[in-house]
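Understanding the architecture of this molecule
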Amino acid sequence: MTVETWIAFVAASAVVLAIPGPTILLVIGQSLGAGRRGALPLVAGVALGDLTAMTLSLAGLGALLAASATAFTVVKWIGAGYLVWLGLALWRAPVPAEGAAPVALPARRAMRDAYVVTALNPKSIAFFVAFVPQFVVPGAAFAPQAAILIATFVVMAAANAALYAVLAARLAGAVRRPAVRRLVNRAGGAMLIGAGAATAAMRRV
């Protein structure tokens, strides 16, 4: 793989990551409700989810999802249902008293939520199948190139999620009134439910 090819991959990945999807909506929604303390587990979950999805895509699972309507539908509905469930949980999340710090989710649960939503996003898996191979040099060893591309994308995805999480957490820290915090929770929950509905409406391409 040449440096020029790698730079082109970085540029293309940056454009893709700049467009918020279900994963970023989850990060924003939970960071708004939980504050800065909940950001790191979310970012870790995103990184692990992208690592899993991209590795399995390059290993052939993504091609199966792209070719099989049944497999795609199963993954789609699992991901959509999980997003809606998370959105309802955030909508109904308790609001601390005025002046109290935001209530962060347990680290393990926050990481699990981010991981599941990221790893089960069928659109991302199909994207990895169609997108990543374009930057693999034919005739060269596949494994080293795949490792470089996966590591690059995972680091960029984690940095992108961290940026959104920190910005959302700062906004949450500035919110003191319980009524406003409740509105923030419901806005984040609505975003997650909407992302779930959008995932359920996806069609295999």
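Notes on the structure follow. A quick note: this is a predicted structure, and the numbers were derived from the prediction, not measured.

**Section: the overall build of the protein chain**
Within the protein chain one finds 9 helices and 0 strands. Tracing the protein chain from N to C terminus, the helices and strands come up as α-α-α-α-α-α-α-α-α. The 205 residues of the protein chain split such that 42% are buried. In the form shown here, the protein chain has an accessible surface area of approximately 10,200 Å², with 72% of it arising from carbon and sulfur atoms.

**Concerning the packing of aromatic side chains**
Tallied over the entire structure, the rule returns 1 aromatic pair. Relative to Phe135, the ring of Phe9 has its centre 5.4 Å away and its plane inclined at 75°; by these criteria the two rings are edge-to-face. Placement of the pair is Phe9 in helix α1 (residues 3-17) and Phe135 in the loop between α7 (122-131) and α8 (142-174), with a sequence separation of 126 residues. With relative accessibility at 13%, the residue Phe135 sits in the buried group.

**Thoughts on the nonpolar core**
In this structure, Phe9, Met54, Val132, Leu149 and Phe153 are the most contacted members of the largest nonpolar core, which totals 40 residues. Those elements giving two or more residues to this core turn out to be α1, α2 (22-34), α3 (39-59), α5 (69-91), α6 (107-119), α7, α8 and α9 (178-200). Top element by residues in this core is α8. It accounts for 11 residues. Setting aside chain neighbours within four positions, we find Phe153 in contact with Phe9, Ser13, Leu17, Asp50, Met54 and Phe128.

**Considering the environment of Leu149**
With respect to the element layout, Leu149 can be found in helix α8. In this structure the C-alpha to C-alpha distance between Leu149 and Phe9, which are 140 residues apart in sequence, comes to 7.8 Å.

**Digging into the environment of Leu90**
Mapped onto the elements, Leu90 comes out in helix α5. Measuring from C-alpha to C-alpha, the distance between Leu90 and Leu26 comes to 9.9 Å, with 64 residues separating the pair along the chain.

What counts as what
- Residues numbered from 1 in each chain as written.
- Predicted model: local features only at pLDDT ≥ 70, side-chain atom pairs only at ≥ 80, totals over all residues.
- Heavy atoms only, no water.
- Helix = DSSP H or I, 4+ residues; strand = E, 2+ residues; numbered from the N terminus.
- Buried < 20%, exposed > 50% of the residue type's maximum accessible area, 1.4 Å probe, protein only.
- Areas by Shrake-Rupley, 256 points an atom, 1.4 Å probe, with all protein chains shown as cover.
- Phe/Tyr/Trp six-rings, centres within 6.5 Å; stacked < 30°, edge-to-face > 60°.
- Core = buried A, V, L, I, M, F, W, Y, C linked by side-chain atoms within 4.5 Å.
- Contact = heavy atoms within 4.5 Å.

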